[in-house]
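# Overview (structure and organization)
Residue-level listing of the chains:
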Amino acid sequence: MQYRRHYHQGASYFLTVNLAERSSDLLIENIDVLRYAFKTVKQRHPFRIDAIVILPDHIHMVCTLPSDDANYSERIKLIKYYFSYRIAKTERISKSRRKKGERGIWQRRFWEHCIRNEADYHAHVNYIHMNPVRHGYVKRVQDWRYSSFHRFVADGLLPVDWGD
């Protein structure tokens, strides 16, 4: 069976993007480069990041595309590209990747889920904000720096002690 992605213009998606080396902390070590990649892609291919968490080796986010656009795959591809282009080539590169001229930073695929309704949206936003606690990086959601949780608190959408 061949996997088929769901594309729907203007939809919100939960996306997960992983590094190839899952024990790496490359994303938080190079957080400014990652921010540059997101900013560059958003300028050229607008989308809204509703919620996001950057962990050492993967990213979870809920994003919403413009009403006339469904191409989240292009955005993920470009985020990976802009990030990879600006960091040193220190990763292990497999023979198959070398043969295709690819770097070995990211897993080739990513996970997507089209948000179905408000309950689904909130469940995925909560999952994103709790993820650093689940992985044992912090004991409280508020202690993880690389999360949209802090924006939710500043906007009055969540209390600072949410998840405790």
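Summary of the structure given here.

Rules used throughout
Residues numbered from 1 in each chain as written. Predicted model: local features only at pLDDT ≥ 70, side-chain atom pairs only at ≥ 80, totals over all residues. Heavy atoms only, no water. Salt bridge = Lys/Arg side-chain N within 4 Å of Asp/Glu carboxyl O. Helix = DSSP H or I, 4+ residues; strand = E, 2+ residues; numbered from the N terminus. Buried < 20%, exposed > 50% of the residue type's maximum accessible area, 1.4 Å probe, protein only. Phe/Tyr/Trp six-rings, centres within 6.5 Å; stacked < 30°, edge-to-face > 60°. Lys NZ or Arg CZ within 6 Å of the ring centre and 35° of its normal.

Looking now at the pattern of salt bridges. Opposite charge on two side chains makes pairing possible when the charged atoms of those side chains draw close. Within this structure, the stated rule accounts for seven salt bridges. The shortest N-O distance in the salt bridge between arginine 22 and aspartate 57 comes to 2.9 Å. Residue arginine 22 is located in the loop between strand S1 (12–18) and helix H1 (26–29), and its partner aspartate 57 is located in the loop between strand S2 (48–54) and strand S3 (58–64); the two are separated by 35 residues in the primary sequence. According to the relative accessible area criterion, arginine 22 is partly exposed, its value standing at 37%. Assessed through its relative accessible area of 6%, aspartate 57 is described here as buried.

Before going further, it helps to spend a moment on the packing of aromatic side chains. Counting across every chain of the model gives 11 aromatic pairs. Centroid distance phenylalanine 149 to tryptophan 162: 6.2 Å. Interplanar angle 35°. Geometry classified as tilted. Of this pair, phenylalanine 149 sits in helix H6 (residues 149–154) while tryptophan 162 is found in the segment after H6, placing the two residues 13 residues apart along the sequence. There is no split in this pair, since phenylalanine 149 and tryptophan 162 are both buried. Joined through ring pairs, the aromatic side chains of Tyr7, Tyr13, Tyr72 and Phe110 make up one cluster. When the ring centre of phenylalanine 110 is taken as origin, the NZ or CZ atom of arginine 5, which lies over that ring, is 3.8 Å away. A cation sits over an aromatic face here: arginine 86 above tyrosine 36, 3.9 Å from the ring centre.

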